[in-house]
Amino acid sequence: MDSINRNQAEENRRDLAGVDAIERIKDMIDDADSCFFCTGNGQGPSRGVRPMSVRETDDAGAIWFLSSIDSHKNQELQANPTVKLFFQSGKHSGFLELDGHAEVSQDKARIKQLWNSMLKTWFTGGEDDPRITVIKVTPKTGYYWDNKHGDAVAGVKVAVGAVIGKTLDDSIEGTLSF
């Protein structure tokens, strides 16, 4: 099993913890900007899976979202605060899966920090709309798949590998722990 990784000439696995894990997720989330936000007790037609726009990833690794107080998501989080987030920051690289714990609040100061005028599409009352909640997701564990030197280098390595019949994959992957 895993013959592709065994054929790889260079190291392509690196597990990350603490600050290194936080730096990795911040970089990948900044590039992705949105994710699939999955709750444990899915209700409604989406069965607990929905796209969400990330408002911020802070220096402690917490991921911040804004949501409506009467959404299925908020109801599901009340019953079970466990979440899974899936990100993709590029067409061929930058995949991230995180397991975490969500907290919902109506912290007005935090809403003000996360607010931008485009959100008025969903919260027509502006940043003082009484329906706005803040969701803070604290990652517990995760896994990432990416490349080491960017898409251009990765593409060249794959093309050269195909020509010479050798695995020259620029990938990197590993577990994340916080």
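Above this text sits the structure in question.
From a predicted model like this one, the values you see are computed outputs, not experimental measurements.

What counts, and where the lines are drawn
Residues numbered from 1 in each chain as written. Predicted model: local features only at pLDDT ≥ 70, side-chain atom pairs only at ≥ 80, totals over all residues. Heavy atoms only, no water. Helix = DSSP H or I, 4+ residues; strand = E, 2+ residues; numbered from the N terminus. Polar contact = N/O pair within 3.5 Å; in protein donor to acceptor, adjacent residues only side chain to side chain. Contact = heavy atoms within 4.5 Å. Buried < 20%, exposed > 50% of the residue type's maximum accessible area, 1.4 Å probe, protein only. Core = buried A, V, L, I, M, F, W, Y, C linked by side-chain atoms within 4.5 Å. Expected span 1.5 Å × (residues − 1). Arc of directions from axis to C-beta. Patch = residues over 30% accessible without salt bridge, like charges linked within 9 Å, V, L, I, M, F, W, Y side chains within 5 Å. Areas by Shrake-Rupley, 256 points an atom, 1.4 Å probe, with all protein chains shown as cover. Salt bridge = Lys/Arg side-chain N within 4 Å of Asp/Glu carboxyl O. Pairing = 2+ DSSP bridges.

**Student:** Before we move on, could you go through the side chain of Asn74 and cite the residues and values that matter?
**Tutor:** Relative to the elements of secondary structure, Asn74 occurs in helix α3 (residues 72-79). For Asn74, the side chain forms a polar contact with the side chain of Thr133, separated by 2.8 Å. In contact with Asn74, not counting residues within four places along its chain, are Ser67, Ser68, Ile69, Val104, Thr133 and Ile135.

**Student:** An account of unusual backbone geometry is requested, with residue identities and associated values reported.
**Tutor:** Here the phi dihedral of Asp33 falls at roughly 75 degrees; this positive angle occurs in a residue that is not glycine. Relative to the elements of secondary structure, Asp33 occurs in the loop between α2 (18-32) and β2 (34-39). Residue Asp33 is classed as partly exposed on the basis of its relative accessible area of 43%. The phi dihedral of Arg47 is positive, around 55 degrees, even though this residue is not glycine. Note that Arg47 resides in the loop between β2 and β3 (49-53).

**Student:** For the nonpolar core, give the residues involved together with the corresponding values.
**Tutor:** Of all hydrophobic cores here, the largest spans 24 residues; its most connected members are Phe37, Phe65, Leu85, Phe87, Leu96, Leu98 and Val137. Elements supplying a minimum of two residues to this core: α2, β2, β5 (63-68), β6 (82-88), β7 (95-105), β8 (132-147) and β9 (171-177). When residues of this core are assigned to their parent elements, the largest contribution, five residues, is made by α2. Beyond its immediate stretch of four places on either side in the chain, Val137 contacts Phe37, Gly61, Ala62, Ile63, Phe65, Val83, Leu85, Gly100, His101 and Ala102.

**Student:** If you had to explain α2 to someone new, which residues and values would you point to?
**Tutor:** Over its 15 residues, α2 runs 21 Å from end to end, which matches the ideal 21 Å to within 8%, given 1.5 Å per residue. Residues Ala21, Ile22, Ile25, Met28, Ile29 and Ala32 constitute the buried set of α2. Seen from one end, α2 has its buried residues packed into an arc of 140 degrees, which puts them on one side. The exposed set on the far side of α2, more than 90 degrees from its buried face, consists of Val19, Asp30 and Asp31.

**Student:** Account for a nonpolar patch on the surface, naming residues and giving values.
**Tutor:** A grouping of Phe36, Val49 and Phe86 is seen on the molecular surface, where their side chains present a nonpolar patch of about 260 Å² in accessible area. Summarising the element assignment, Val49 is placed in strand β3.

**Student:** Go over the environment of Gly94 with me, naming the residues and quoting the values.
**Tutor:** Here Gly94 is to be found in the loop between β6 and β7. Judged by relative accessible area, which is 2%, Gly94 ranks as buried. Residues Gly94 and Asp31, spaced 63 residues apart in sequence, show a C-alpha to C-alpha distance of 8.4 Å. For Gly94, the contacting residues outside a window of four places in its chain are Met28, Phe87, Gln88, Ser89, Trp145 and Asp146.

**Student:** Describe in detail the pairing of β9, supporting the description with residues and values.
**Tutor:** Extensive coverage of β9 is indicated by the burial of five of its seven residues. Pairing of strand β1 (residues 16-17) with β9 involves two bridges; the strand directions are parallel. Looking across to β9, one finds that Ala17 is bridged to Ser177. Sheet analysis places β8 next to β9, joined by seven bridges and oriented antiparallel. Paired with Tyr143 across the strands is Thr175, a residue of β9.

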